[in-house]
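Okay, here's what each chain looks like letter by letter:
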Amino acid sequence: MTKSETFGNDAAPAEACANCGQALDGPFCGQCGQSSTEIRRPILVLATDTIGDIFVWDGRFLSTLRALFSRPGTLARAYADGQRARWTPPIRLYLLVSLAFFTAMSLGGIRVIAVDASPSAETVRNQDPAAQAERRERIEAARASPGGEPGMRACGVMPGPDELTAEGQLVYAVDTNFSITLMQTGATSDARLVNAETEACMHEALASVGMPPMIGLLAVEAVSDPAGFEARSGAAAAQAVILMVIALALINFAVHPRRKLIEHVILSLYLHAILLPGFALTLLLTHTLGSQGNAAVIAIAIGAQGAQLFLFWISDRQFYGSSWWGALLRLPVQIIGYAAAFTLAALLLILVPIL
């Protein structure tokens, strides 16, 4: 058995590399490159060193950020071509940006998946008999209108005293409406009690219009425990972003099949280190200026989409050396594929609580 195949009690002496047995002359082995640091250390030290290796702040970070926002494709190409000592590794940069993104979302009160129900809990608890009667009249009018099939309007209790239990908990009413959306601010809606009869009615009503049973489970879960629904979906958001990283790498692999997959992954990681802050800025502007009307929201959406188009186009040119027209022709495939992946990731986040 050679020295490099030594195991167990035949370990190399302290002054030799524990991996290959080569004599050490510094903190790293000149033969195999392994660090001479002893791994058998207190678990706390080992854990902090590992975290430090990922999130270490060094002189490369600021220069990498400057290159990232000025010439992202050139940065990714330089790293892929071997200039790794000059730049922050893409996985480390992505983890740092991702951590900052989700921390900012949490501190800003952004709900990744938001369940909103109406009438609000405050409205139900404070309504007077006249308001209850008005709601009942609207329900009867909707049922009596041409083509007004009962559907979900047959499920739950009628507006009135039955909407609150003796303990003060809200009960699902016939005119309860709820929505599941992305990236909303505000407080989570109060839970509604859904008894067995109402749950069976909801499943039947949804099945009558061709909805799969999964949608019924989703509706019941969202209404009866909106806070838990949002928490479980939000916890999976980081994994959803990883899916987007993989999706963009595969899309670029499809349009540039001669390149190795790892090259596309490097570019995708760097691009998402730009896309996440851009997405956060778009959310901030939307929630800040959205009160000024739909025109402001539309302008923000157009600006964000234009910035993404330019980012994908310029990155394709810089990283793959594409011509002006070549990058432009590939752009629809990249954007449509990325939009489809985003839609799939959003659906998966919504379905997480019932999977």
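*Asks:* Help me out: how do you make sense of the environment of Arg232 in this one?
*Replies:* Looking at the secondary structure, you find Arg232 in helix α9 (residues 226–235). Taking the C-alpha atoms as reference points, Arg232 and Leu349, 117 residues apart in sequence, are found 8.5 Å from one another. Residues within four places of Arg232 in sequence aside, it is in contact with Glu221, Asp225, Val352 and Pro353.

*Asks:* Sorry, what's going on with the state of the cysteines here?
*Replies:* By definition, a disulfide links two cysteine residues through a covalent bond between their sulfur atoms. Evaluated as defined, the whole model comprises one disulfide. Shown here is the disulfide that connects Cys155 with Cys201, its sulfur atoms set 2.1 Å apart. On the sign convention where negative means left-handed, the S-S torsion of about -80° between Cys155 and Cys201 marks this disulfide as left-handed. Pair noted here: Cys155 is in the loop between α6 (129–144) and β2 (170–171) and Cys201 is in helix α7 (residues 196–208), with a separation of 46 residues, a long-range link. Taking the relative accessible area as the measure of exposure, Cys155 reaches 0% and is therefore buried.

*Asks:* Can you help me understand the packing of aromatic side chains in this one?
*Replies:* How two aromatic rings sit relative to each other is given by the distance of their centres and the angle of their planes. Under the definition given, this model contains eight aromatic pairs. An angle of 85° between the planes, with centres 4.8 Å apart, marks the rings of Phe319 and Tyr320 as edge-to-face. Summarising the burial analysis for this pair, Phe319 and Tyr320 share the class buried. Here the aromatic residues Phe310, Trp313, Trp324 and Trp325 are joined through ring pairs into a cluster of three or more.

*Asks:* Could you clarify how one ought to interpret the packing of helix α8 (residues 213–224) against α9 in this entry?
*Replies:* Orientation of α8 relative to α9, taken along the N-to-C sense of each, is 110°, at an axis distance of 5 Å. The orientation of α8 relative to α9 falls into the category roughly perpendicular. Here α8 contributes Leu218, Glu221, Ala222, Val223 and Ser224 to the contact with α9, which in turn contributes Pro226, Phe229 and Arg232.

*Asks:* Hey, could you run me through the pattern of salt bridges in this one?
*Replies:* Note on pairing: side chains with opposite charge can pair once their charged atoms come close. This structure, assessed with the given rule, holds 12 salt bridges. The shortest N-O distance in the salt bridge between Arg111 and Glu230 comes to 2.8 Å. With Arg111 in strand β1 (residues 111–118) and Glu230 in helix α9, this pair connects stretches of sequence that are 119 residues apart. Taking the relative accessible area as the measure of exposure, Glu230 reaches 10% and is therefore buried. Between Arg135 and Glu163 there is a salt bridge, with its nearest N and O atoms 2.9 Å apart. Highlighted residues: Arg135 in helix α6 and Glu163 in the loop between α6 and β2, separated in sequence by 28 residues. Residue Arg135 is classed as buried on the basis of its relative accessible area of 5%.

*Asks:* What's the story with the side chain of Gln127 in this structure? I'm lost.
*Replies:* Turning to its location among the elements, Gln127 is positioned in the loop between α5 (121–126) and α6. A distance of 2.6 Å separates a polar atom in the side chain of Gln127 from a polar atom in the side chain of Arg135. Separated by 2.8 Å, the side chains of Gln127 and Glu163 make a polar contact. Setting aside residues no more than four positions away along its own chain, Gln127 makes contact with Gln132, Arg135, Gly160 and Glu163.

*Asks:* Can you help me understand the layout of surface pockets in this one?
*Replies:* Gaps left between atoms show up when a probe the size of a water molecule is rolled over them. In this model, the largest pocket occupies a volume close to 1,300 Å³. For the largest pocket, the lining is made up of 46 residues, of which Leu275, Gly278, Phe279, Thr282 and Gln308 are closest to its centre. Mapped by element, the contributors of at least two residues to the lining of the largest pocket are α2 (60–70), α4 (90–107), β3 (177–184), α10 (237–255), α11 (261–289), α12 (294–320) and α13 (324–351). When its residues are assigned to classes, the lining of the largest pocket shows 34 nonpolar, 11 polar and one charged.

*Asks:* So what exactly am I meant to see when it comes to a nonpolar patch on the surface here?
*Replies:* There is a patch of nonpolar side chains on the surface, built from Ile242, Leu243, Ile246, Leu250, Phe253, Leu261, Leu344 and Leu348 and spanning about 670 Å² of accessible area. Residue assignment for the nonpolar patch shows that the elements contributing at least two residues are α10 and α13. When you line up the elements, Leu348 lands in helix α13. Judged by its relative accessible area of 34%, Leu348 is partly exposed.

Conventions we followed
Residues numbered from 1 in each chain as written. Predicted model: local features only at pLDDT ≥ 70, side-chain atom pairs only at ≥ 80, totals over all residues. Heavy atoms only, no water. Helix = DSSP H or I, 4+ residues; strand = E, 2+ residues; numbered from the N terminus. Contact = heavy atoms within 4.5 Å. Disulfide = S-S within 2.5 Å. Buried < 20%, exposed > 50% of the residue type's maximum accessible area, 1.4 Å probe, protein only. Phe/Tyr/Trp six-rings, centres within 6.5 Å; stacked < 30°, edge-to-face > 60°. Axes fitted to C-alpha atoms, helices over the stretch in contact; angles between N-to-C directions. Parallel < 35°, antiparallel > 145°, perpendicular 65-115°, else oblique. Salt bridge = Lys/Arg side-chain N within 4 Å of Asp/Glu carboxyl O. Polar contact = N/O pair within 3.5 Å; in protein donor to acceptor, adjacent residues only side chain to side chain. 1 Å grid on protein atoms, 1.4 Å probe; cavity = no way out; pocket = protein on both sides within 12 Å on 5 of 7 lines; lining within 4 Å. Points joined across faces, edges and corners; volume = space filled by probe spheres on them. Nonpolar A, V, L, I, M, F, W, Y, C, P; charged D, E, K, R; others polar. Patch = residues over 30% accessible without salt bridge, like charges linked within 9 Å, V, L, I, M, F, W, Y side chains within 5 Å. Areas by Shrake-Rupley, 256 points an atom, 1.4 Å probe, with all protein chains shown as cover.

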